[in-house]
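Spelled out, the chains give:
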Amino acid sequence: LEISCMDADLSDMDTLEQTVEEMFGQLEKRTYDRAILINNAGSLGYLGRCSDMTSLGKLQRDIDLNVTSSSWISLQFVHKLSSSPSQKICSTCSCIVVVNISSLCAIEPFSTMSVYCAGKAARDLFHSVLAKEESDAATSVRVLNYAPGMCETAMSEELAESDRLDSKLSSMYRIALNDKTMVQPKDTAEKLVGIIERNGWRNGAHIDYWDE
């Protein structure tokens, strides 16, 4: 098992192409039985009422991080692997899998979380279009929008403590954290692995942790 790590600012559009090239540059030179991308980079972005938003620059950075970079990463992953020898493997299996980590926020509006909701919705639809195009092309690329549920993470703690979040939402997060009723990251990761292994989802589908 080889593990390599790199630090990068995915909101920096001046260096994004170079960053992703460094990330995936070696993929075309290797052979894979299966390649899976878990595309989860992002942030909460601006929290608060839409009408209170005052910084165009911050809005742009949030969208660049949560939408532009995510879309580019998925595109380049598919591009690099589509020219790989792995594509010569049987067409009945999913050789290339792109998992966009989604959220209930992609399909439901939550007050004071406009930027996060917009980013998740845009990512979902972008990846659904990617799935449709790859399905029409009869390739072995499979795309999944997976919502992991309300997980016990640092993000949840930030939302529970935020004074800019809708009071009902922050209260819900605090109660869930205190009562230990949130989904554990290990459990939702295992659920995702099972979905990928069964390979039965409609290409481009949105599946929530609680759906199965």
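Everything in this summary refers to the structure shown in the same document. (Residues numbered from 1 in each chain as written. Predicted model: local features only at pLDDT ≥ 70, side-chain atom pairs only at ≥ 80, totals over all residues. Heavy atoms only, no water.)

Most of strand S2 (residues 96-101) is tucked away, with six of its six residues classed as buried. Neither face of S2 is open: one carries Ile96, Val98 and Asn100, the other Val97, Val99 and Ile101, and all of them are buried. Where strand S1 (residues 35-39) meets S2, five bridges bridge the pair, whose relative direction is parallel. In the sheet register, Ala35 faces S2, and the bridge partner there is Ile96. Strand direction decides the pairing type here: S2 and strand S3 (residues 141-147), joined by six bridges, are parallel. Within the sheet, the bridge partner assigned to Ile96 lies in S3 and is Val141. (Buried < 20%, exposed > 50% of the residue type's maximum accessible area, 1.4 Å probe, protein only. Helix = DSSP H or I, 4+ residues; strand = E, 2+ residues; numbered from the N terminus. Pairing = 2+ DSSP bridges.)

The description of two helices packed together rests on the angle between their axes and the distance between the axes. Contact geometry of helix H4 (residues 154-161) with helix H5 (residues 167-179) gives a least axis separation of 7 Å together with a crossing angle of 130°. One element, H4, and the other, H5, form an angle in the oblique class. Taken as a pair, H4 and H5 cross one another with a handedness that is left-handed. Residues Ser156, Glu157, Leu159 and Ala160 of H4 form the contact with H5, whose participating residues are Ser170, Tyr173, Arg174 and Leu177. Each residue belonging to the contact of H4 with H5 can be placed in one class, and the counts come to four nonpolar, two polar and two charged. (Axes fitted to C-alpha atoms, helices over the stretch in contact; angles between N-to-C directions. Parallel < 35°, antiparallel > 145°, perpendicular 65-115°, else oblique. Left-handed = near helix turned anticlockwise from the far one by under 90°. Contact = heavy atoms within 4.5 Å. Nonpolar A, V, L, I, M, F, W, Y, C, P; charged D, E, K, R; others polar.)

Okay, the environment of Ser167 next. Of note, Ser167 is situated in helix H5. Each C-alpha atom of the pair Ser167 and Thr112 lies 9.6 Å from the other, and the pair is 55 residues apart in sequence.

Within the chain, Lys180 stands out as a residue other than glycine whose phi angle is a positive 55°. Mapped onto the elements, Lys180 comes out in the loop between H5 and helix H6 (185-198). Look at Asn199: it is not a glycine, yet its phi comes out positive at around 55°. You can call Asn199 partly exposed: its relative accessible area is 22%.

Taking 1.5 Å per residue as the helical rise, helix H3 (residues 114-136) with its 23 residues ought to reach 33 Å, and the 33 Å between its terminal C-alpha atoms agrees with that figure. Those residues of H3 lying buried are Ser114, Val115, Tyr116, Cys117, Gly119, Lys120, Arg123, Asp124, His127, Leu130, Ala131 and Glu134. Here the buried face of H3 lies against S1, helix H2 (56-82), S2, S3, H4 and strand S4 (206-208). (Expected span 1.5 Å × (residues − 1).)

Turning our attention to the nonpolar core. Counting 20 residues, the largest nonpolar core has Phe24, Phe77 and Leu81 as its most contacted members. Residue contributions to this core peak at five residues, all from H2. Filtering out sequence-adjacent residues up to four positions away, Phe24 remains in contact with Leu37, Ile73, Gln76, Phe77 and Lys80. (Core = buried A, V, L, I, M, F, W, Y, C linked by side-chain atoms within 4.5 Å.)

With that settled, consider the environment of Asn203. Mapped onto the secondary structure, Asn203 falls in the loop between H6 and S4. Overall, the relative accessible area of 16% leaves Asn203 in the buried class. Sequence separation between Asn203 and Lys132 is 71 residues; the distance between their C-alpha atoms is 7.2 Å. If sequence neighbours within four positions are ignored, Asn203 has contacts with Ala131, Ser135, Val141, Arg142 and Val143. For Asn203, the side chain forms a polar contact with the main-chain oxygen of Ala131, separated by 3.5 Å. (Polar contact = N/O pair within 3.5 Å; in protein donor to acceptor, adjacent residues only side chain to side chain.)

The next point concerns the sheet that holds S4. Pairing in this open sheet of four strands is parallel, and the strands run S1-S2-S3-S4 from one edge to the other. The sheet terminates laterally at S1 and S4, the two strands that pair on one side only. The sheet shows a mean angle of 25° between the axes of neighbouring strands, direction not considered. Packing of H6 onto the sheet brings it into contact with S1, S2, S3 and S4, and relative to S3 it is tilted by some 150°.

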